[in-house]
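Observations on the three-dimensional arrangement
These are the residues of each chain, in order.
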Amino acid sequence: MNADPTAWERRSVTLVVPPVQPRKLAKVPFVELADGRLQGVVSSGSDIGRVYVSFIAAGTHDFNCSTNNNRPCGGLYSSPCKHLNSLVAEAIVQYGAGRVARYLRVDGAETIETSHDLIRRLTGAHEPGSAAVVFSRFLRHLGYLELPAGTAPLAEMHWFPSTGAVR
């Protein structure tokens, strides 16, 4: 069976969105719009060995922040903590204010320009949740960054045909 190579490439390649602006990765090394949430990993301001996994759910705007081993953030009360504020700020740098606001389904998304504007419009409450999935995605992301540059196929993605033909 022969397949159209350009159609196969469109189906087998993940779209990578270039950042709106260059990001500094020291404070927020990982941020993504995935699984119906703005989620990511934020470095601790007081302990270099500690990171926080934070998320804001799209639609409900419920939020959580905890260490990677699920200890709750000490600054998390009825409103987002400083880690969530940092996450929103870096998401806006990465994706742009409009895209983040639309993804989170914030009212008046077209008028949001800063992270402060977006945080003020969040209507959710604290929602406990596990950090494991987001932290695991972050570790996988780090693993790809450590690979040397090259065009050879990656072992875990070997099931993608390299020739474009379906067998």
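In the block above lies the structure referred to throughout.
Below you will find a few notes about this structure. (Residues numbered from 1 in each chain as written. Predicted model: local features only at pLDDT ≥ 70, side-chain atom pairs only at ≥ 80, totals over all residues. Heavy atoms only, no water.)

Another aspect to go through is the overall build of the protein. When its secondary structure is counted, the protein shows five helices and four strands. When the helices and strands of the protein are read in sequence order from the N terminus, they spell out α-β-β-β-β-α-α-α-α. Taken across its 167 residues, the protein has 40% of its residues classed as buried. Long-range pairs, those at least 24 residues apart, make up 53% of the contacts in the protein between residues at least 6 apart in sequence. Working note: accessible area of the protein is about 10,500 Å², and carbon and sulfur atoms make up 56% of it. (Helix = DSSP H or I, 4+ residues; strand = E, 2+ residues; numbered from the N terminus. Buried < 20%, exposed > 50% of the residue type's maximum accessible area, 1.4 Å probe, protein only. Contact = heavy atoms within 4.5 Å. Areas by Shrake-Rupley, 256 points an atom, 1.4 Å probe, with all protein chains shown as cover.)

Before going further, it helps to examine the sheet that holds strand S1 (residues 30–34). Strand pairing in a sheet is mediated by backbone hydrogen bonds. Such pairs are either parallel or antiparallel. Ordered by their spatial adjacency, four strands build an open sheet running S1-S2-S3-S4, and the pairing between neighbours is antiparallel. Taken across any chain shown, the strands that pair with only one partner, and hence form the sheet edges, are S1 and strand S4 (63–67). Across the sheet, the mean angle separating the axes of adjacent strands is 15° when strand polarity is ignored. Where strand S2 (residues 37–43) lies against strand S3 (residues 51–57), seven bridges are found, and the strand directions are antiparallel. (Pairing = 2+ DSSP bridges. Axes fitted to C-alpha atoms, helices over the stretch in contact; angles between N-to-C directions.)

Before going further, it helps to spend a moment on the packing of helix H2 (residues 82–95) against helix H3 (residues 97–104). Contact geometry for H2 and H3: axes closest at 7 Å, N-to-C directions at 115°. Packed against H2, whose contacting residues are Ala91, Ile92 and Tyr95, the element H3 presents Ala97, Arg99 and Val100 at the interface. Counted by class, the contact of H2 with H3 contains five nonpolar, no polar and one charged residues. (Nonpolar A, V, L, I, M, F, W, Y, C, P; charged D, E, K, R; others polar.)

Attention now goes to empty space enclosed by the protein. In this structure the tally under the stated criterion is one cavity of 30 Å³ or more. Of the volumes computed, that of the largest cavity is approximately 30 Å³. Around the largest cavity sit Arg37, Val53, Phe55, Asn64, Ser66, Gly129, Ser130, Ala131 and Val134, which together line it. Looking at the lining of the largest cavity, the elements with two or more residues in it are S3 and S4. Residues of the lining of the largest cavity, tallied by class, amount to four nonpolar, four polar and one charged. (1 Å grid on protein atoms, 1.4 Å probe; cavity = no way out; pocket = protein on both sides within 12 Å on 5 of 7 lines; lining within 4 Å. Points joined across faces, edges and corners; volume = space filled by probe spheres on them.)

A separate point is the nonpolar core. Nonpolar side chains in soluble globular proteins tend to be buried together. In terms of nonpolar packing, the biggest core is built from 29 residues, with Leu38, Ile56, Leu84, Val100, Leu104 and Leu118 touching the most fellow members. Elements that contribute at least two residues to this core include exactly S1, S2, S3, S4, H2, H3 and helix H4 (115–120). Apart from the residues within four sequence positions on either side, Leu104 is in contact with Leu38, Ile56, Ala57, Ala58, Gly59, His61 and Leu118. Counting residues in each nonpolar core, the second largest holds eight residues, with Phe30, Val41, Ala131 and Val134 among its members. (Core = buried A, V, L, I, M, F, W, Y, C linked by side-chain atoms within 4.5 Å.)

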